[in-house]
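# Architecture at a glance
What follows is each chain in one-letter form.
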Amino acid sequence: MLFCEVIFVLSLMTFLLDFHASGCVFNCKDKPVFTPSRLVVKYGDPASVICNACQQECLNELFNLEHSVGKATINGTTISWNTDNLTEWTARLQCYYNKAAENVSDPDVQCCTTLPLTLYKPPDKVSISFTNHTGPLIEAHPYTLQCTVHNVAPVEKVKAIFYRGHSVVGQVQVLNSYGGELMTHSYTVDVVPLKREDGAAYWCAAELVLGPEGPQPPPVVISQNMTTTVYYAPKLQVSKHPGLITINEGNQLKLDCSSDGNPSPSYNWTLPSGSLHLSWSSILTFESAAAEHEGMYTCTVSNGYWNFTEEFHVKVHANNIVYIIVGILFAVVLLVIIGVIIWTLYYKNKRMGQYDLILSVCRFRRSPHSAVPTVE
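Here is a short report on the structure shown in this document.

What counts as what
Residues numbered from 1 in each chain as written. Predicted model: local features only at pLDDT ≥ 70, side-chain atom pairs only at ≥ 80, totals over all residues. Heavy atoms only, no water. Helix = DSSP H or I, 4+ residues; strand = E, 2+ residues; numbered from the N terminus. Buried < 20%, exposed > 50% of the residue type's maximum accessible area, 1.4 Å probe, protein only. Areas by Shrake-Rupley, 256 points an atom, 1.4 Å probe, with all protein chains shown as cover. Pairing = 2+ DSSP bridges. Disulfide = S-S within 2.5 Å. Salt bridge = Lys/Arg side-chain N within 4 Å of Asp/Glu carboxyl O. Core = buried A, V, L, I, M, F, W, Y, C linked by side-chain atoms within 4.5 Å. Contact = heavy atoms within 4.5 Å. Axes fitted to C-alpha atoms, helices over the stretch in contact; angles between N-to-C directions. Phe/Tyr/Trp six-rings, centres within 6.5 Å; stacked < 30°, edge-to-face > 60°.

Glancing now at the overall build of the protein chain. When helices and strands are tallied, the protein chain shows two helices and 28 strands. Per-residue burial for the protein chain yields a buried fraction of 34% across its 376 residues. Counting every atom, the protein chain has about 23,600 Å² of accessible surface; 57% of that belongs to carbon and sulfur.

We now examine the pairing of strand S24 (residues 266-270). Residues Tyr267 and Trp269 point to one face of S24 and are all buried, whereas Ser266, Asn268 and Thr270, pointing to the other face, are not buried. Pairing geometry for S24 and strand S27 (residues 295-302), over five bridges, is antiparallel. When the bridges of S27 are listed, tryptophan 269 appears paired with cysteine 299.

Further remarks concern the state of the cysteines. Per the stated rule, a full pass over the model turns up five disulfides. One disulfide in the model links cysteine 257 with cysteine 299; its S-S distance is 2.2 Å. As the torsion about the S-S bond is roughly -100°, the cysteine 257-cysteine 299 disulfide counts as left-handed. Here cysteine 257 is found in the loop between strand S22 (253-256) and strand S23 (259-262), whereas its partner cysteine 299 is found in strand S27, with 42 residues between them in sequence. Each member of the pair, cysteine 257 as well as cysteine 299, carries the same accessibility label: buried.

Attention shifts here to the pattern of salt bridges. For the coordinates displayed, the defined rule picks out seven salt bridges. A salt bridge links arginine 38 to glutamate 213; the shortest N-O distance between them is 3.0 Å. In this pair, arginine 38 is assigned in the loop between strand S2 (33-35) and strand S3 (39-42) and glutamate 213 in the loop between strand S17 (201-208) and strand S18 (220-222), connecting sequence segments 175 residues apart. Owing to a relative accessible area of 38%, glutamate 213 belongs among the partly exposed residues under this scheme. For the salt bridge of lysine 195 with aspartate 260, the shortest nitrogen-to-oxygen distance reads 3.1 Å. Here aspartate 260 lies in strand S23 and lysine 195 lies in the loop between strand S16 (183-191) and S17, a separation of 65 residues in the sequence. What makes lysine 195 partly exposed here is its relative accessible area of 34%. Residue class for aspartate 260 comes out partly exposed when judged on its relative accessible area of 24%.

Phe130, Leu145, Val149, Phe162 and Tyr187 are the most contacted members of the largest nonpolar core, which has 27 residues in total. Contributing elements (two or more residues each) for this core: strand S11 (125-130), strand S12 (137-138), strand S13 (143-152), strand S14 (158-164), S16 and S17. No other element matches the five residues that S13 contributes to this core. When near neighbours in sequence (up to four residues on either side) are disregarded, phenylalanine 130 contacts Leu137, Tyr143, Thr144, Leu145, Val191, Tyr202, Met226 and Thr228. The next biggest cluster of nonpolar side chains, apart from the first, holds 22 residues, and it includes Leu65, Trp81, Ala91 and Cys95.

Turning our attention to the environment of proline 36. As for its placement among the helices and strands, proline 36 is situated in the loop between S2 and S3. The spacing of proline 36 and proline 116 is 80 residues in sequence and 9.8 Å in space, taken between C-alpha atoms. Proline 36 has contacts with Ser48, Val49 and Leu115, leaving out every residue within four places of it along the chain.

What follows concerns the sheet that holds strand S4 (residues 47-52). Taken in spatial order, the four strands make up an open sheet running S2-S4-S7-S6, and their pairing is antiparallel. Of all the strands in the sheet, just S2 and strand S6 (71-75) have a single pairing partner and so form its edges. Adjacent strand axes in the sheet meet at a mean angle of 20° when their direction is disregarded. Direction of pairing for S2 relative to S4: antiparallel, over a ladder of three bridges. What sits directly across from threonine 35, in S4, is isoleucine 50.

A few words on unusual backbone geometry. Looking along the chain, the bond that leaves alanine 153 and enters proline 154 is cis, with omega of -10°. Residue placement: proline 154 occurs in the loop between S13 and S14. The residue after asparagine 262, namely proline 263, is reached through a cis peptide bond having omega 0°. Positive phi outside glycine occurs at asparagine 132, with the angle close to 55°. Within the element layout of this structure, asparagine 132 appears in the loop between S11 and S12. On the accessibility criterion, asparagine 132 (79% relative accessible area) is exposed.

Here we come to the packing of aromatic side chains. As enumerated under the stated definition, the model contains eight aromatic pairs in all. Aromatic pair tyrosine 163 and tryptophan 203: ring centres 4.1 Å apart, planes at 5°, arrangement stacked. Taken together, the residues tyrosine 163 in strand S14 and tryptophan 203 in strand S17 connect sequence positions 40 residues apart. Classification of tyrosine 163 as buried rests on a relative accessible area of 17%. Ring geometry for tyrosine 231 and tyrosine 305: centres 5.1 Å apart, planes at 55°, overall tilted. Here tyrosine 231, found in strand S20 (residues 230-236), pairs with tyrosine 305, found in the loop between S27 and strand S28 (307-317); they are 74 residues apart in sequence, far enough to count as distant. The class of tyrosine 231 is buried, set by a relative accessible area of 16%.

Encoded structure:
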C-alpha cells in the first residue's frame, strides 16, 4: 500500500510540473527570458543556456525549466541548463512560472518561453550529377543538374549553390520543415549548355544558413568537379566564298571548307562531274586548273549530329597571256628570220655589185683595143 502511495505522489508531482504544457501563455508582460535568446549547436557539441524565470511576478511562485536532455540548476529565479553532448534532434527547452490568478474562480496563469534551439550537422558529402543523363551534352538542349546533400540537418537550413566554373548558375533552398533530423536531399536546377561552355566544370556547394547565432562563416561542403563535354553543330571557319569563283587556267585551284564542330567534322566533296570525292580533308586542291575543273563543287560537312553543305561555283578562264606570249615570241622569231633573210640578200647583192665593178675595171685595163690617149 505504501508503495502505491509513493507512486501516486510522484505521478502527481510530475503532473504538476508538466501541467504548464497545456496552458502556457507566451505574451506575458513579465515572461521568462533566455540568454542567449537563440541556441545553435553542432551535433555532439556541449551546450548551455540561462533562463531568468521572471523579474517580479514569479517571486515565491512555482517556476522551472522543462528540458528533455541535460541538467538544470536553479539559483533564485535563475535557471542554468547545460549538456556535455547534445545529440537529441527533438531536444526542447521551455522556461515557465505559475502565476496565481487574481480571482479565486480563475485558474492559475502559466507564463512560458520556449528557446529556439537548432541542432545542426554538416553533410557527410555533397555530390553533383545530371538527372537521367550521362555522357556529352548537346548544345541548346535543356538538362537538369542535381546536387545531392548526404546526411545533413536541418535540411531546411541548407542552401544548395550550383556553379559552372566560378559563375553561379542557380541557388535552391527547401521551403518545408522536415523536423530537424538527419536527411539526404537532392536539389535541382535546369541548365542549357552552350558551345562556349565545352570543357566547363560544374560543381555545387551546400551551405548551412544558421543565422547570426550560428558559426561564421557558415559551414560549407562542396562537391567534386564534373567536367562536361558539349557537342555543337559544325560551322564554317573561313570567310564564305563569293557566288562565283573565277580562276585562270593553269593557276592553283584551292577550295576551303574548314569548319569548327564537336565532334570534329568529316568532309565529302561532290565534283562537277557528279562523282563523289571521298576525302577527310577540308581543303580540295588542284595544282593546275583546267577547263574540266569548271563547274559546281559541293562540300558536305558532318559530325554525326549535324550536317550542312557549302557550294563553290568555279569558272576557269583560258590563259590568254600564254597565247599572247607565244604569239609575241613567234612574231619575234619571224621578224628575226625575215631580218636575217633580208640582211643576207642585201649583203649578197652588195658583195656581188662590188665584184662586178672590179671585174669591169680589170677588163678595161687589159683590153688591146683600148684607145691610147695622144698628146698633141
